[in-house]
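The residues making up each chain are set out below.
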Amino acid sequence: SLRVALLLGLTSITRGNRGVIILTIMILTLVGLNLLFVPSLLAGLVSGSNDKLITTYSGDIVIMSGSDKTPLLDDVRNMLLRVTGILGVAAATPRNSLLSQMSFEGNRATATVYGIQPDSERQVFKVDKYLTEGSYLVPEDRDQILLGIQLAGAGRPNLEFYSRSLQNVHAGDRIKVTFGNGVQKDFTVKGIFYAEFIQTDLQAFITETEFESIMPEAKNRAAYIHVKTVDDKNLQPIVEQISNLGSDLKIITWSDNAGIMRSMTDSFNAIKTILSIVNILVAGFTVFILTYIDVTSRRKQIGIQRAIGITSSAITLAYLMRAVFLALLGTILAGLIFLKVVTPIEALYPFHFPFGAVYLQAGPADLAGMAIILLGVSLVAAFLPVRGVTRMRLMDAIWG
């Protein structure tokens, strides 16, 4: 039966309707491309948002005070030495913060101003890589401030928060800042950064020395210590070691900081599932309809094949082999087109979202998943109509 099925399957491909075969392969290729494109785009979205969150906003781990009596961490210099001495920690930087109101030429904006150590900040974050105007802070800077573009506006009306920003602030301009503790001071905007991550682009930075002049009680103290690790995939051992440094510490990881990004990721996964089901149904119905039409038109031929001794199992197996062959061709073409055409073009012209450019990410698992889905759907969709015809009475099949 296997040899007969192989002969029948090969004959149906080589002598069958070439238009139907080409159409089936094209549809399966398009379905395969969809099965690759959607997961890889969503993977790029999730990866890109997580990367921006870690490298510009939170770091891998954030250490805060867990005490209700004092919101600041004490003896920060010693704490930094102990944290950076933990195996797996690459760098750490302290931050203090004050809510403030800024004004420039009649425009006002509310933002959190962070006091930072510029040198250690560069080791943990990449904000300095996203400067669009001016330059980054240095430890000696006084009366200098670094603004996110969503806060400065920089004359870009297309920004999401432009109407709530200072609108036309550029590097070199002087702005007035009123801090939450009542201190009011003029600052020169040393630089403007655009990380394409809204939470980051709504921040402002001054040096630690400048911050301590505004809030003297923050000297050698910090509201946060942001930690960069060597491996951001296995943070729990490092979190446990940091916990041992003090009983009143609150430690959160970057995933705890994800917030809205986590909700967005869940939504993307739901969309991915829905679109994958739609693609599977399209592939299944396509193969089913084409196979059903082909089997119906060959019903008499199938009846004669059964009459001369060819078993129903051999005929069914022949159609399944044909379906597998067409699905394999569709899989190979979809994979080649995606890897050699779609991905390189998207890399040159990437999609842009509020957290930056997004690139397609497809690995071997995605290719294998697409192949398994196409093969499985093709086999099921081909089996059902063939099984129906081969179970008909012999004379009904021959005479129609």
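Since the structure is predicted, the reported quantities are computational estimates derived from the model, not experimental observations. (Residues numbered from 1 in each chain as written. Predicted model: local features only at pLDDT ≥ 70, side-chain atom pairs only at ≥ 80, totals over all residues. Heavy atoms only, no water.)

A. Representation of the side chain of Glu 346 within the structure. Assignment of secondary structure puts Glu 346 in helix H11 (residues 312–348). Although buried, Glu 346 forms no salt bridge, and the nearest oppositely charged side chain, Lys 52, lies 13 Å from it. Leave out the neighbours within four places in its chain, and Glu 346 touches Phe 351, Val 358, Tyr 359 and Leu 360. (Helix = DSSP H or I, 4+ residues; strand = E, 2+ residues; numbered from the N terminus. Buried < 20%, exposed > 50% of the residue type's maximum accessible area, 1.4 Å probe, protein only. Lys, Arg positive; Asp, Glu negative; His and termini not counted. Salt bridge = Lys/Arg side-chain N within 4 Å of Asp/Glu carboxyl O. Contact = heavy atoms within 4.5 Å.)

B. Quick look at the nonpolar core. Among the nonpolar cores identified, the biggest contains 30 residues, and Met 102, Ile 145, Leu 147, Leu 166, Val 169, Ile 175 and Phe 187 are the most heavily contacted of them. Listed by contribution, the elements that provide at least two residues to this core are strand E2 (89–104), strand E3 (107–116), strand E5 (144–148), helix H5 (149–152), strand E6 (174–179), strand E7 (184–193), strand E8 (204–207) and helix H7 (208–214). If sequence neighbours within four positions are ignored, Leu 147 has contacts with Met 102, Ala 152, Leu 166, Val 169, Ile 175, Val 189, Gly 191, Ile 192, Phe 193, Gln 203 and Ala 204. Leu 28, Leu 42, Ala 283 and Val 287 belong to the second largest nonpolar core, which has 27 residues in total. (Core = buried A, V, L, I, M, F, W, Y, C linked by side-chain atoms within 4.5 Å.)

C. Spatial organisation of the side chain of His 226. With respect to the helices and strands, His 226 occurs in strand E9 (residues 224–229). The residues touching His 226, leaving out its near neighbours within four places in the chain, are Tyr 57, Ser 58, Ile 61, Val 62, Ala 91, Ala 92, Thr 93, Arg 95, Val 124 and Phe 125.

D. Quick look at the pattern of salt bridges. For the structure on display, the rule yields 9 salt bridges. The salt bridge partner of Lys 219 is Glu 212, with a shortest N-O separation of 3.9 Å. When salt bridges with common partners are traced through the structure, they connect Arg 142, Asp 143, Lys 185 and Glu 210 into a single cluster.

E. Broad picture of the environment of Phe 325. Take Phe 325: it is sitting in helix H11. Once the C-alpha coordinates of Phe 325 and Ala 171 are considered, the two residues, 154 residues apart in sequence, prove to be 63 Å apart.

F. Focus on a nonpolar patch on the surface. Together, Ile 277, Leu 281, Phe 285, Ile 289, Tyr 292 and Ile 293 give the surface a local cluster of nonpolar side chains, amounting to about 620 Å² of exposed area. Along the chain, the position of Ile 293 falls in helix H9 (residues 260–297). (Patch = residues over 30% accessible without salt bridge, like charges linked within 9 Å, V, L, I, M, F, W, Y side chains within 5 Å. Areas by Shrake-Rupley, 256 points an atom, 1.4 Å probe, with all protein chains shown as cover.)

G. Focus on the packing of aromatic side chains. Taken as a whole and judged by the stated rule, the model has 5 aromatic pairs. Measuring from centroid to centroid gives 6.2 Å for Phe 37 and Phe 351, while their planes differ by 70°, and the two rings are edge-to-face. A residue pair is termed long-range when its members are at least 10 positions apart, and Phe 37 in helix H2 (residues 18–58) and Phe 351 in strand E11 (residues 351–353) qualify at 314 residues. Phe 37 sits in the partly exposed class, given a relative accessible area of 25%. Chaining the aromatic ring pairs together yields one cluster made of Tyr 114, Phe 193 and Phe 205. Sitting over the face of the ring of Tyr 114, Arg 95 holds its NZ or CZ atom 5.3 Å from the ring centroid. (Phe/Tyr/Trp six-rings, centres within 6.5 Å; stacked < 30°, edge-to-face > 60°. Lys NZ or Arg CZ within 6 Å of the ring centre and 35° of its normal.)

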